[in-house]
Amino acid sequence: TMSIRNIIDALRGETGFIYTAKARELSKKGFKVINFGVGQPDFPTPKHIVEEAKNALDKGFTGYTDVAGIPELRQAIADYLNERYNSDVKADEVIVTPGAKAALFLAFAAYVKPGDEVIIPDPSYYMYPEITKFLGGKPVYVPLKWMGGDKGFELDLNSIENSITSRTRAIVVNNPHNPTGAVFSQREMSKLLEIAMERNILVIVDEIYDNFVYDGDFKSFISFNNWRDYVVYANGFSKTFSMTGWRLGYLVVRKEVASKLTKLAVNIWTCATSFVQKAGVKALKNSWDSVREMIETFKRRRDVMVNELRKVSGVEVFKSKGTFYVYPNIEKVLKKMGIDVETFANRLLDEKHVVVLPGTLFSETELGKTFIRLSFALGEELIAEGIKRLREFVERL
Ligand code: PLP
């Protein structure tokens, strides 16, 4: 019907599309573009994982699987979470999905009804408000607290509490946090769960970057004793194992909900790709050395990026504790240049062939208007060269 058409028309597409499209044009013309807009590791999927998928294909493991995933993968995911986070997840509380996004979609679809409010700490990953709106719900944006370059971003727990109404259904927590690079503390997570319990609100948790933690005391929501009563937990293989295109993720939720959600999943995608699931088992159970090496590399890249950015006058940058993004405040630069953040990103690309994403792509509040997001999922030399160009662009004026 028309109303559904309108909802889809209003959805925001892939973030940063105009910038990546423009970057592609520039590359075609022969310019060397440095792209800080990337949202995936630049590492190949580890060999043993690729080999396992090939094995599964050779053995003819190419049919439909159980809707919730092959039993060995559900068990491997439960084992992994329990070992790592000292939790008590059971295999039948795990639904394997084609990516964390699909897991999050199930979570939102299960709980958000028309008229429901969903509290979204802002800035945020773009899909949370979009899916909320798609389901007829209302995103309620609560800005993070910007504590300056040394301390970074914190959840504003008072504001979150004050934003709760009788229509509030859920709070979304992405930790480590895209786009700010924040890792929210154990204290913040405990307090948030307390609020959710008191007010009987669901916490939709996205911990897709849980392996990309460099500093700080990361506390997984799945490690709370009573997670079952208040938490729907999404994670996946995309970032940790450099498997973005494989599409493999999972949702953890108490058993009764999990079995109901498979009814929705079977009507949309039936199952995650069979041989990809086999590769997923291998990823979790085999050596994690390649993951650890990758994280070490990312940590060095973060240091390079932050050090270089701190040399640029007017840029205030928090040293990300997690993810592979930094989210510097360039308010002073914008004031001096007399432009807004989108013009900044466009001109930097046109004149210096460097892609950064304006905070407005991630934010409905003031926290978008003076910030940019840069990914450090590229080599140290490229990072240094890109920030050098940014510095030339800023300081020339
Ligand atoms: N959640 C966050 C916060 C992300 O940044 C991303 C990818 O950029 C995803 C989820 C999507 O993960 P997947 O590839 O598993 O769907």
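Reading the values: rules and limits
Residues numbered from 1 in each chain as written. Predicted model: local features only at pLDDT ≥ 70, side-chain atom pairs only at ≥ 80, totals over all residues. Helix = DSSP H or I, 4+ residues; strand = E, 2+ residues; numbered from the N terminus. Rg over C-alpha atoms; globule rule 2.2 N^0.38 Å. Buried ≥ 20, exposed ≤ 12 C-beta atoms within 10 Å, placed from the backbone. Pairing = 2+ DSSP bridges. Axes fitted to C-alpha atoms, helices over the stretch in contact; angles between N-to-C directions. Near = placed C-beta within 6 Å. Nonpolar A, V, L, I, M, F, W, Y, C, P; charged D, E, K, R; others polar. Contact = placed C-beta atoms within 7 Å. Expected span 1.5 Å × (residues − 1). UniProt positions renumbered as here; feature names shortened; annotations may be inferred. Core = buried A, V, L, I, M, F, W, Y, C linked by C-beta atoms within 7 Å. Domains from an automatic or database assignment. Arc of directions from axis to C-beta.

(A) A look at the overall build of the chain. Across its full length, the chain holds 16 helices and 14 strands. Against the globule reference of 21 Å for 397 residues, the chain gives a C-alpha radius of gyration of 21 Å, in line with a compact fold. Based on the C-alpha atoms only, the size of the chain along its principal axes is roughly 60 × 55 × 45 Å. The buried share among the 397 residues of the chain stands at 47%.

(B) Highlighting the sheet that holds strand β14 (residues 372-375). Taking strand neighbours across the sheet as the criterion, the three strands line up as β11-β14-β13 in an open arrangement whose pairing is antiparallel. The strands lining the two open edges of the sheet, one partner per strand, are β11 (325-326) and β13 (357-358). One ladder, built from two bridges, connects β11 with β14; its direction is antiparallel. Opposite Tyr 325, over in β14, you have Ser 375 as the bridge partner.

(C) Expanded view of the sheet that holds strand β8 (residues 202-206). Reading across the sheet, the seven strands line up as β2-β10-β9-β8-β7-β3-β4 and stay open at both edges, with mixed pairing between neighbours. Two strands lie at the open edges of the sheet, namely β2 (94-97) and β4 (138-143), each paired on one side alone. In this sheet, adjacent strand axes meet at a mean angle of 20° when their direction is disregarded. Summarising the sheet, β2 and strand β10 (residues 249-252) pair through four bridges and their orientation is antiparallel. Paired with Thr 97 across the strands is Gly 249, a residue of β10.

(D) Seen up close, unusual backbone geometry. Here Asn 175 and Pro 176 are connected by a cis peptide whose omega angle stands at -10°. Structurally, Pro 176 can be placed in the loop between β7 (168-174) and α8 (186-199). Here the residue pair Asn 178 and Pro 179 is connected by a cis peptide bond, since its omega of 10° sits within 30 degrees of zero. On the secondary structure map, Pro 179 appears in the loop between β7 and α8. Positive phi is not limited to glycine here, since Asn 86 has a value of about 55°. For Asn 86, a count of 11 C-beta atoms within 10 Å corresponds to the exposed category. The backbone of Arg 247 shows a phi angle near 65°, a positive value even though the residue is not glycine. By secondary structure assignment, the location of Arg 247 is in the loop between β9 (231-236) and β10.

(E) Examining the site of the ligand more closely. Lining the immediate environment of the ligand, one finds 13 residues, of which Gly 99, Ala 100, Lys 101, Gly 236 and Ser 238 sit closest. The class makeup of the residues in the shell around the ligand is three nonpolar, eight polar and two charged.

(F) Main features of the environment of Ile 34. The residue Ile 34 is located in strand β1 (residues 34-35) in this model. On the neighbour-count criterion, Ile 34 (23 C-beta atoms within 10 Å) is buried. Between the alpha carbons of Ile 34 and Ala 23 there is a distance of 8.5 Å; along the sequence they are 11 residues apart. Other than its neighbours up to four places away in sequence, Ile 34 contacts His 353, Val 354, Leu 382, Glu 385, Gly 386 and Arg 389.

(G) How the structure looks around helix α10 (residues 255-268). Between the first and last C-alpha of α10 there are 20 Å, a value that for 14 residues agrees with the 20 Å anticipated at 1.5 Å per step. The inward-facing, buried residues of α10 abut β2 and α5 (100-111).

(H) Spatial organisation of the UniProt feature "domain: Aminotransferase class I/classII large" (unreviewed entry) in the chain. UniProt records the feature "domain: Aminotransferase class I/classII large" (unreviewed entry) for residues 32-390 in the present numbering. For residues 32-390, helix accounts for 43% and strand for 15%, while the C-alpha atoms at its two ends are 14 Å apart.

(I) Seen up close, the nonpolar core. Core analysis: the largest hydrophobic core is formed by 121 residues, its most contacted members being Ile 95, Val 203 and Leu 251. Two domains each donate at least three residues to this core, and these are domain 1 (2-44 + 290-395) and domain 2 (47-285). Beyond its immediate stretch of four places on either side in the chain, Ile 95 contacts Ala 68, Gly 69, Leu 106, Tyr 250, Leu 251, Ala 258, Leu 261, Thr 262 and Ala 265.

(J) Local environment of helix α12 (residues 289-310). Compared with the 32 Å implied by 1.5 Å per residue over 22 residues, the 32 Å span of α12 between its first and last C-alpha is a close match. Among all positions of α12, only Met 294, Phe 298, Arg 301, Arg 302, Met 305, Glu 308 and Leu 309 are buried. Down the axis of α12, the buried side of the element spans an arc of 140°, and every buried residue falls inside it. Facing away from the buried side of α12 by over 90 degrees, the exposed positions are Asp 289, Arg 292, Glu 293 and Glu 296. Buried residues in α12 make contact with β11, β14 and α16 (380-395).

(K) How the structure looks around the domain arrangement of the chain. For the chain, the domain assignment lists domain 1 (2-44 + 290-395) and domain 2 (47-285). The centre of domain 1, based on its C-alpha atoms, is set 25 Å off from the matching centre of domain 2. Domain 1 puts 36 residues into the contact, and the matching count from domain 2 is 36 residues. For the side of domain 1 that touches domain 2, the secondary structure elements donating two or more residues are α1 (2-10), α12, β11 and α15 (366-369). The residue makeup of the side of domain 1 that touches domain 2, split by class, is 18 nonpolar, 10 polar and eight charged.

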